[in-house]
Amino acid sequence: MKKSLLALAALTAFAGVASAQSSVTLFGIVDLGLRNTKNGSTSLKTMSQDGIASSRLGFRGVEDLGGGLRAGFWIEGAINPDVGTSAGQTWQRRSTVSLMGNFGELRLGRDYTPSFWNHTVFDPFGTNGVGAQTNLQTQLGQTSMFGAGATTLVRANNSIGYFLPAMGGLYGQAMVAHSDGSPNGNGYKGLRIGFAGGPVNVAFGYGQTEITPTNDQTGMNLGASFKMGNFTLFGQWHKYEVDVPANTDQTNLMIGGALAMGAGTLKFSYGKASSDATSREATQLAVGYVHDLSKRTSLYGTFAKISNEAGARFAVSGAPAFGGTDNKPSSSGYEVGLRHAF
Amino acid sequence: MKKSLLALAALTAFAGVASAQSSVTLFGIVDLGLRNTKNGSTSLKTMSQDGIASSRLGFRGVEDLGGGLRAGFWIEGAINPDVGTSAGQTWQRRSTVSLMGNFGELRLGRDYTPSFWNHTVFDPFGTNGVGAQTNLQTQLGQTSMFGAGATTLVRANNSIGYFLPAMGGLYGQAMVAHSDGSPNGNGYKGLRIGFAGGPVNVAFGYGQTEITPTNDQTGMNLGASFKMGNFTLFGQWHKYEVDVPANTDQTNLMIGGALAMGAGTLKFSYGKASSDATSREATQLAVGYVHDLSKRTSLYGTFAKISNEAGARFAVSGAPAFGGTDNKPSSSGYEVGLRHAF
Amino acid sequence: MKKSLLALAALTAFAGVASAQSSVTLFGIVDLGLRNTKNGSTSLKTMSQDGIASSRLGFRGVEDLGGGLRAGFWIEGAINPDVGTSAGQTWQRRSTVSLMGNFGELRLGRDYTPSFWNHTVFDPFGTNGVGAQTNLQTQLGQTSMFGAGATTLVRANNSIGYFLPAMGGLYGQAMVAHSDGSPNGNGYKGLRIGFAGGPVNVAFGYGQTEITPTNDQTGMNLGASFKMGNFTLFGQWHKYEVDVPANTDQTNLMIGGALAMGAGTLKFSYGKASSDATSREATQLAVGYVHDLSKRTSLYGTFAKISNEAGARFAVSGAPAFGGTDNKPSSSGYEVGLRHAF
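Residues numbered from 1 in each chain as written. Chains lettered and ligands numbered in written order. Predicted model: local features only at pLDDT ≥ 70, side-chain atom pairs only at ≥ 80, totals over all residues. Heavy atoms only, no water.

(A) Molecular detail of the overall build of chain A. Within chain A one finds two helices and 18 strands. The C-alpha radius of gyration of chain A comes to 21 Å, within 12% of the 20 Å expected for a compact globule of 342 residues. Principal-axis analysis of the C-alpha atoms places the extent of chain A at approximately 70 × 50 × 40 Å. Put simply, chain A has 342 residues, and 59% of those count as buried. Pairs at least 24 apart in sequence give 55% of the contacts found in chain A among residues at least 6 apart. Entry remark: accessible area of chain A is about 12,800 Å², with carbon and sulfur atoms responsible for 60%. (Helix = DSSP H or I, 4+ residues; strand = E, 2+ residues; numbered from the N terminus. Rg over C-alpha atoms; globule rule 2.2 N^0.38 Å. Buried < 20%, exposed > 50% of the residue type's maximum accessible area, 1.4 Å probe, protein only. Contact = heavy atoms within 4.5 Å. Areas by Shrake-Rupley, 256 points an atom, 1.4 Å probe, with all protein chains shown as cover.)

In C-alpha cells, the structure reads:
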C-alpha cells in the first residue's frame, strides 16, 4: 500500500526544482464491496468499504538535498467512497515531514505508532475487513480498548519518530508523541525492532500511552512470518495492560497463512483473545480469497466468525449492535468487493 | 463537465504502471459571479457561485487491465470558492470505483441517480444558477421536495450501478442503492434508458426512494432535445409522488432552447409546476447568455423570474426568505459571472 | 510562498488544452517544529507547526486565452500536519478565479485583504511562529482584535479584487467584499498601493470592515524595507480603530532586520503596541535563524518575548493561558523546526 503508483513527475522544466531525483506523488485507493454481517440474532446488509485496503487519497514527495540527504513529506487522508465523505480528520492517515540520510530518517507529525505495525504486517488480512485480527482488540460499543482514552493504537498526533537506515535485514522505529499540555490519551512513547532476511520476517513492538497522569496503557507485541514456496505462515502475540483499573490486561494470539495461486491468494487466520479479567475472551476464524486483475486492481471475498465467551462483545468490522439475549453471542460477516489503487 | 481537461499523466517511467493507456486526471471548476435576487418585497445582493457550472475539485483515473477490461475510480467534491469552504461531504459529488468492458460498466459508490440526469441534460441552464429548472422542484425552506427525507433527487450513497455499453445510439443506467440498515431516504432503485442519434436525444428515467417502510417517493421523467442548425430545442416532463400524505404529487413541464452565435450562446426556458394538491403551482421564465473565452473559460449572465400561485413558495437559486404579505409572491434574480474549468 | 514549485504540466498530448502556456500546479508546505512557550508562570511544551511558513495544500493554474488575456484559478487550504486535520474551511487560505491582461487582474472569491499584506511582507518573521509581529495585534482569548466580529484582518469572503498591471515599480490592489445580506464582520473595502525598485520597497494599506450597521473597524498601515548589501531593514506602522466603543484604537510600530549569511539568515524584530485606551500596551522582541538546506527545505529556530503593560494580555503564538496573578505578565517562547515546500 505504500508504493508510489503514479508520480506527478519531477518536471524540472516547469518546476524549477534543482534535482531530478525530486518528485511528488499523488496516490490513493478506492475499495468498495457488499457486506453481510450478523451479531447474535441481528443481521445487516450494507455496502461496505475497505474490505482489504483502506480507501484513501494522499500526496507525498521526496527532495534530494545533495550529499545523501533528502527531505520528504507525506499527507494522506481517509475517504469513505460508499457515501462520499472524508473520515474524521482530513489528512489523518499520515501527515509528516522528514529528513533522511545515512543516519536513517527523522520524521515529524502524525504517523503510525511503532506498537501498531505488527498488527497489520503479520496478519494475512492486514487490518481491513470482516477478517481483520484487530476485531479482537476493542469490543463493540467501546471507544477504546479498555474504555479509557488511549488514541494511539494505530497512530499518534504530534510525534517525533526515528527510523534506522538499511542495515542488512535489521529495521527499527522509535517514537515520542507530545501530549501538547494535557495527558489526553495521545502522549506516547514506543519502539519497534525487527529483522527481515530470506524467508523470515520477525519484529517486536512496544508502546506506552499516558491516559491520565496516574494511568498508562502499555502494549507489547511480537509478529513473524515465514515463507515456504507459495505459502506464507503468519503469527502474532500481543499483550495490552492499563494501570487503572488495576491489573486489567488482554492477550491476543493469532496464527494465519496465505497461499499464492497464480493471480489469486487464499488466506486464513485463527485468533484468540484472553484476559485475567472476565468478559475479554473470544476466538475468531477468518478465510478469504483475493483475485488480482492487475497490480492495482483486485476482486476479493472474505468470511469471518467470532465466538464470544461470557460477557465479551467482540464483533467483525461493520457489524450491527448485538441482538438477542445470548450472553455468548457470535458475530459473523462476509463481503465481496473491488479494490482499485491509483 | 465530464471531459478530462488535464491528465496528470501516464508517466510510466516514474509510475511503474504497466499500461500506457492508464491515467490519472485532476480536474475542477471555479465558477463565481455577482447575483441580485428578489423574493416578494425582499431583495439580496450576493457574490454567487455555480451560476452555470458547479464548482468542484476531483481526481479520476482509468487503468487498462488488458482483454478489453478496464478499472476506474472517480472522487469529486464540491467547493464553495466564494467563502473557501468545501460543501457538505468532501467527495460528495461522486466517489466511485468501476469495472468496465464489453459488457458495459459496473460502478460502486456514491453516484448520480438515473432519475436525475434528464433534469440537467435537457435543461439549457443545466441545474445551475438562477435559471435552473430545478428551482421549480423543491420550495424555499423545505429540506426535500415533499417535506420528507428523500435524499436521492440528485445522488445516492451506497449505490451499485450498471451502464450499458455503446450500442448504436442506445444508452442506459440502472441503480440500486443500499439504505445500510434503516430506511433513511437513501434506499433507492432506478433506471434510465435513452437514445441519441443525429439531431435527436431522448431519455426516460425512473426512480423510487424508500423514505420510511410505508412511504416511498417515486419520480418519473422524460427529456428530449432536437438540434436544428445552430438552434437546439429542449423539453422535459417530470412526475413526482409520495405515498404519505396520500396522493401528494407534482408535475413539471419545461420547454427551452439554446442558440449558438459564434463564441456565444443565447438560452431561454419556460417551465411550469402543477399538482393535484394546492400550494405547488408556479411558472418560471429564464433567459441567459454565455460567452466562451475558450473551451475552459466563459463569461455569463442569467435572468429568471418565478410567479407563484397561492401558497406556493418556489424561488430562484440563492434568493432570500420571502418578504411581504403577498400570498402569490414572485421570485426573481439575475447574475453575471466567470466560469473557469481545469 | 507564492512561487510555483511543481507544475503538474501542460501535457497537451493528454489534456487537449490548446495553449502550451496553460498549466496546473500542485503546491504546498509542511512546517513542523518543537515549541516551548511561557505565559506568566505557566509554561507549555508542544509540537508546533507553521514556525516560519503556514502549512498548506493547494492547486492553481493559468490558462492562456490569447490576445494577452489569461484566466486563472487558485484554491489553497491550510493543513495541520501535527495532528493531521485541515484547519477550518477547506480552501480557506485562498479560493479565487481571475481574468488577467494588460489591464491588470480582476479576481473573485476568498482572498487576502489589501490591508493585510504589509503585516507579512515587511516582517522578517512573516506572520508565522512565536516571533510574528501580529502577536501584538489581537490579545490572547479574544476572538478578534477589539472583541468585535471583524473577520477581515487577513482574508475576506465574497471579494472582488483588482490588481494593477506591472507599471515600473508601482503596484496596487483594491477590494470590495460582499457581506452577502447581513453585516457580519465580513463586508469590507480596502486598497493598497506600493512601490518596489532597487533596494526600496514601500507600501500603504487601508481597510474598512462593517461589523454592524453602526460600527466599522478601520485599519491603516505603512510598511517599508531597504536592502543594504546582505542586510535588509524592515519597518511597519499600523493604526486600527473601531467606532464602538467610541474612540477605541491601537497603534503598532515595528523595526526589524534580516542578515543573509551564506545558506543562513539571521533575523530580529522589535515591536510596540500602544493605545489611547488602557490594557493595549506591550512590546515584543524576536530573534531567529533560518538555515536553508535547499530552496524548498529549511531548518529554523526562533525566540520571542512579549512584555505586557498593566491589563494587556498579548502572547506569543501557541502559548497557554496566562498563569499567576501578575497584572503585567510576560509571554515568551522558542521553537525549532523543519519547513519543506512542494
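There is more to say, and it comes next.
(B) How the structure looks around the environment of Ile79(C). By the element assignment, Ile79(C) lies in strand β4 (residues 69–80). Sequence separation between Ile79(C) and Phe342(C) is 263 residues, and the spatial gap between their C-alpha atoms is 14 Å.

(C) View of the environment of Arg35(B). Residue and element names in this part refer to chain B. Along the chain, Arg35 turns up in strand β1 (residues 23–39). Judged by its relative accessible area of 8%, Arg35 is buried. Here the alpha-carbon distance between Arg35 and Leu233, two residues 198 residues apart in the chain, equals 27 Å. Those residues within four positions of Arg35 in sequence are excluded, and the remaining contacts are Leu44, Lys45, Thr46, Ser48, Gln49, Gly51, Gly129, Val130, Ser317, Gly318, Tyr334 and Glu335. Separated by 2.7 Å, the side chains of Arg35 and Glu335 make a polar contact. (Polar contact = N/O pair within 3.5 Å; in protein donor to acceptor, adjacent residues only side chain to side chain.)

(D) Representation of the pairing of strand β16 (residues 282–292) of chain B in the model. Residues and elements named next belong to chain B. Alignment of strand β15 (residues 264–274) against β16, held across 10 bridges, turns out to be antiparallel. Across the sheet, Leu266 pairs through a bridge with Tyr289, a residue of β16. In the sheet, β16 pairs with strand β17 (residues 297–308) via 11 bridges, with the strands oriented antiparallel. Counterpart to Ala286 in the pairing with β17 is Ala304. Joining the antiparallel neighbours β16 and β17 is a turn of four residues. (Pairing = 2+ DSSP bridges.)

(E) Expanded view of the side chain of Arg93(A). Residues and elements named next belong to chain A. On the secondary structure map, Arg93 appears in the loop between β5 (85–86) and β6 (94–101). With a relative accessible area of 7%, Arg93 lands in the buried category. A polar atom in the side chain of Arg93 sits 3.2 Å from the side chain of Tyr112. Those residues in contact with Arg93, other than ones at most four positions away along the chain, are Ser54, Ser55, Arg56, Glu76, Gly77, Ala78, Tyr112 and Arg155.

(F) Inspection of unusual backbone geometry at higher detail. Residues and elements named next belong to chain B. A cis amide bond links Val244 with the next residue in sequence, Pro245, at an omega value of -10 degrees. Position of Pro245 among the secondary structure elements: in the loop between β13 (231–242) and β14 (248–261). In this model, Asn158 sits at a positive phi of 55 degrees, which is unusual for a non-glycine residue. The residue Asn158 is located in strand β8 (residues 155–163) in this model. Residue classification places Asn158 among the buried positions, given a relative accessible area of 4%.

(G) Looking closely at a nonpolar patch on the surface. Residue and element names in this part refer to chain A. Residues Met167, Leu170, Leu191, Ile193, Phe195, Val202 and Leu222 make up a contiguous nonpolar surface patch of roughly 550 Å² in combined accessible area. With three residues, the top contributor of residues to the nonpolar patch is strand β10 (residues 187–197). Mapped onto the fold, Leu222 is located in strand β12 (residues 215–228). (Patch = residues over 30% accessible without salt bridge, like charges linked within 9 Å, V, L, I, M, F, W, Y side chains within 5 Å. Salt bridge = Lys/Arg side-chain N within 4 Å of Asp/Glu carboxyl O.)

(H) Quick peek at the packing of aromatic side chains. Summed over the entire model, instances satisfying the criterion amount to 18 aromatic pairs over all chains. Considering the side-chain rings of Tyr112(B) and Trp117(B), the 4.8 Å spacing of their centres and the 40 degrees angle between planes classify their relative orientation as tilted. With respect to burial, Tyr112(B) and Trp117(B) carry one shared label: buried. Note that Arg313(A) overlies the ring of Phe322(A), its terminal NZ or CZ placed 5.8 Å from the centroid. (Phe/Tyr/Trp six-rings, centres within 6.5 Å; stacked < 30°, edge-to-face > 60°. Lys NZ or Arg CZ within 6 Å of the ring centre and 35° of its normal.)

(I) Structural view of the confidence of the model for chain A. Residues and elements named next belong to chain A. Chain-level pLDDT for chain A is 84 on average; 91% of the residues reach the 70-or-more range. A low-confidence stretch, residues 1–20 (pLDDT under 50), is modelled with 58 contacts involving residues beyond four sequence positions or located in other chains. Interface confidence in the predicted complex, given as ipTM, is 0.78; pTM for the same model is 0.81. (pLDDT = per-residue confidence, 0-100.)

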